[in-house]
Every structure is written in C-alpha cells, then in structure tokens.
Amino acid sequence: MARILALLPALWAGVLLCVAGLATPAPFAVLDKAAAGQVVGHIFAREAPLSLLLGMVLLLAARRSALARAVRGLGSQFSLDMGLALGTVACTVLGYYVLHPMMELARQGQGAMSFGQLHGLSFGLFSVKILLVLLLAWRAGPAASRP
C-alpha cells in the first residue's frame, strides 16, 4: 500500500499534465469554439471529482503519517504533505466547483466578472494544482528526504 501511495502523486501529475497539454487544446484545434468548449467542459467535469478523490486519499495518508511521527515525538501532527494535499483540494473546489458556475453565468452576461477574468482565475488555480501535485510527487520519490 505504501508503494501505491508513493506512486499516486506521480500518476495524478501525469493526468493533470495530459489534461493541460493534450486533452484541452486538441478540441480547439479541430472543432468550432462552442463545441470545443463543451468537450473541455466534459473533461474538467471528470477531472474535478478525480482530483478531489486523489487529494483526499493523499491528505488522509499524510495525516496518518504525520500523526504516527508525532506520537513517536518526531514532529508535528501537521506536515508539509498535508498542506500540499489540502492545497490541491482547495484549488479543485475553487477552480471547478466555485468558478465554473460563475463562468456559466458570465457567458450569459451575468455576474460581477467577465468570462475571461474567471477563465484566467480558473487557469491559475489549475496551474497551482499541477505545481502542488508535482511537489507531492517529488516528495514521494525514493530520493526525497523527509523532515
């Protein structure tokens, strides 16, 4: 189980990089803008629950590890890995579950922010999530030293 948990962030990072670099640009290259937007919307509708699940699994694993170290007197009950996992969950919740409905309203001319502004925020949160997952993967690697 420990090996699976160590591999999980790297696999997740691969998924996120594929979504960002391959799956979302491709529809815009071959479809009209509206259809491409629908395809990309479906991709993110599947990525967001997956990211929540993986973020929570890694958060619980990091919590368990930090608690075990704390019981042995080797550190705090909170760890950097917990913070990174919490960050990924926050980016997912804000980026998809908060901003996506606001983007739909902005398309209809409603809301305080434009679609472009909301899209920029969403892109930024997704980018931060990728960086956090890459950090989790790097820290889970065999050569990584743990505090």
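Residues numbered from 1 in each chain as written. Predicted model: local features only at pLDDT ≥ 70, side-chain atom pairs only at ≥ 80, totals over all residues. Heavy atoms only, no water.

K.L.:
I keep staring at a nonpolar patch on the surface and nothing clicks. Help me out?
P.N.:
A cluster of nonpolar residues, Val 93, Leu 94, Tyr 97, Val 98, Met 102, Met 113 and Leu 121, forms a patch on the protein surface that exposes about 530 Å² of accessible area. Top contributing element to the nonpolar patch by residue count: helix α4 (residues 80–107), with five residues. Looking at the element boundaries, Val 98 is found in helix α4. Residue classification places Val 98 among the partly exposed positions, given a relative accessible area of 36%. (Patch = residues over 30% accessible without salt bridge, like charges linked within 9 Å, V, L, I, M, F, W, Y side chains within 5 Å. Areas by Shrake-Rupley, 256 points an atom, 1.4 Å probe, with all protein chains shown as cover. Salt bridge = Lys/Arg side-chain N within 4 Å of Asp/Glu carboxyl O. Helix = DSSP H or I, 4+ residues; strand = E, 2+ residues; numbered from the N terminus. Buried < 20%, exposed > 50% of the residue type's maximum accessible area, 1.4 Å probe, protein only.)

K.L.:
Looking at this structure, how should I read the nonpolar core?
P.N.:
Across soluble globular proteins, you tend to see nonpolar side chains buried next to one another. The biggest cluster of nonpolar side chains holds 19 residues, and the ones touching the most others in it are Trp 12, Leu 16, Leu 58, Met 82, Phe 126 and Val 133. Among the elements of the structure, α1 (2–23), α3 (33–71), α4 and α5 (115–140) are those that each provide at least two residues to this core. Beyond its immediate stretch of four places on either side in the chain, Trp 12 contacts Ser 51, Leu 54, Gly 55, Leu 58, Thr 88, Lys 129 and Val 133. (Core = buried A, V, L, I, M, F, W, Y, C linked by side-chain atoms within 4.5 Å. Contact = heavy atoms within 4.5 Å.)

K.L.:
Mind showing me how you'd approach the pattern of salt bridges here?
P.N.:
Opposite charge on two side chains lets them pair, provided their charged atoms get close. On inspection of all chains with the given rule, the structure shows three salt bridges. Close ionic contact of Lys 129 with Glu 47 constitutes a salt bridge, the shortest N to O distance being 2.6 Å. Within this pair, whereas Lys 129 is found in helix α5, its partner Glu 47 is found in helix α3, the two being separated by 82 residues in sequence. A single burial state applies to Lys 129 and to Glu 47, both of which are buried. The shortest N-O distance in the salt bridge between Glu 104 and Arg 107 comes to 2.6 Å. Of this pair, Glu 104 and Arg 107 both sit in helix α4, three residues apart, roughly one helical turn. Given the relative accessible area of 31%, Glu 104 is considered partly exposed.

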